[in-house]
Amino acid sequence: MAFGGNVFHMAQAPRRVGKYTAAVAEIVRDAAERLNLTHAAIAERTGIARPTITKILTGDRAMDVEQLALLANAIDMSVADLLAAAEKRLLRG
């Protein structure tokens, strides 16, 4: 993962969290990349500490419902749309 500039890149979250959590993190990472959001920018938008953002988006930590809602809002998605996108990604395999 390259991070330190404006955009971060990571192919897929390591599986230290459940498959749904990993899929949500992947959707958030993809959207953040499209929006040119760094972990610091996501932290600023959500109020979640940057180290926690990094752990969530790299699969080192699960997110709670509050964090899920804040992350969805940060990438301009509803929680329902974020979960639906994650489920669709899981079904594609």
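In this report, the structure presented in the accompanying data block is examined.

Rules used in this analysis
- Residues numbered from 1 in each chain as written.
- Predicted model: local features only at pLDDT ≥ 70, side-chain atom pairs only at ≥ 80, totals over all residues.
- Heavy atoms only, no water.
- Helix = DSSP H or I, 4+ residues; strand = E, 2+ residues; numbered from the N terminus.
- Buried < 20%, exposed > 50% of the residue type's maximum accessible area, 1.4 Å probe, protein only.
- Polar contact = N/O pair within 3.5 Å; in protein donor to acceptor, adjacent residues only side chain to side chain.
- Axes fitted to C-alpha atoms, helices over the stretch in contact; angles between N-to-C directions.
- Parallel < 35°, antiparallel > 145°, perpendicular 65-115°, else oblique.
- Left-handed = near helix turned anticlockwise from the far one by under 90°.
- Contact = heavy atoms within 4.5 Å.
- Core = buried A, V, L, I, M, F, W, Y, C linked by side-chain atoms within 4.5 Å.
- Arc of directions from axis to C-beta.
- Salt bridge = Lys/Arg side-chain N within 4 Å of Asp/Glu carboxyl O.

### Description of the side chain of Thr58
So, point 1. Relative to the helices and strands, Thr58 resides in the loop between α3 (50-57) and α4 (65-74).
So, point 2. Looking at Thr58, the relative accessible area reads 7%, which means it is buried.
So, point 3. Polar side-chain contacts of Thr58 include one of 3.4 Å to the side chain of Asp60.

### Some thoughts on the packing of helix α1 (residues 19-34) against helix α5 (residues 79-92)
So, point 1. Where α1 meets α5, the closest approach of the two axes is 9 Å, and the angle between their N-to-C directions is 110 degrees. Taken together, the axis directions place α1 and α5 in an arrangement best described as roughly perpendicular. The hand of the α1/α5 crossing is right-handed. Residue-level inspection shows Lys19, Tyr20, Ala23, Val24, Glu26, Ile27, Val28 and Asp30 of α1 in contact with α5, the latter providing Leu82, Leu83, Ala85, Ala86, Glu87, Arg89 and Leu90.

### So, the nonpolar core
So, point 1. Residues Val24, Val28, Ile42, Ile53, Leu57, Leu71 and Leu82 are the most contacted members of the largest nonpolar core, which totals 21 residues.
So, point 2. For this core, the elements supplying multiple residues, two or more each, are α1, α2 (39-46), α3, α4 and α5.

### With respect to the packing of α2 against α4
So, point 1. The contact between α2 and α4 brings their axes to 9 Å, and the two run at 115 degrees. The angle between α2 and α4 falls in the class roughly perpendicular. For α2 against α4, the interelement crossing comes out right-handed. Across the interface between the two elements, Ile42, Arg45 and Thr46 of α2 pack against Leu70, Leu71 and Ala74 of α4.

### Focus on α2
So, point 1. If you check which residues of α2 are buried, you get His39, Ile42, Ala43 and Thr46. Down the axis of α2, the smallest arc covering the buried residues is 100 degrees, so these residues share one side.
So, point 2. Residues of α2 that are buried sit in contact with α1, α3 and α4.
So, point 3. One or two positions beyond α2, positive phi appears at Gly47, with a value near 80 degrees.

### Some remarks on the pattern of salt bridges
So, point 1. Evaluation of the coordinates by the stated rule reveals three salt bridges.
So, point 2. Here Arg89 ties to Glu26 by a salt bridge, and the two come within 2.7 Å at their closest N and O atoms. Residue Arg89 is found in helix α5, and its partner Glu26 is found in helix α1; the two are separated by 63 residues along the sequence.
So, point 3. Judged by its relative accessible area of 16%, Glu26 falls in the buried class.
So, point 4. The shortest N-O distance in the salt bridge between Arg89 and Asp30 comes to 2.7 Å. One end of the pair, Arg89, is in helix α5; the other, Asp30, is in helix α1, and 59 residues separate them in sequence.
So, point 5. The exposure class assigned to Asp30 is partly exposed, which follows from its relative accessible area of 27%.
So, point 6. Among the charged side chains, a salt-bridge network with shared partners connects Glu26, Asp30 and Arg89.

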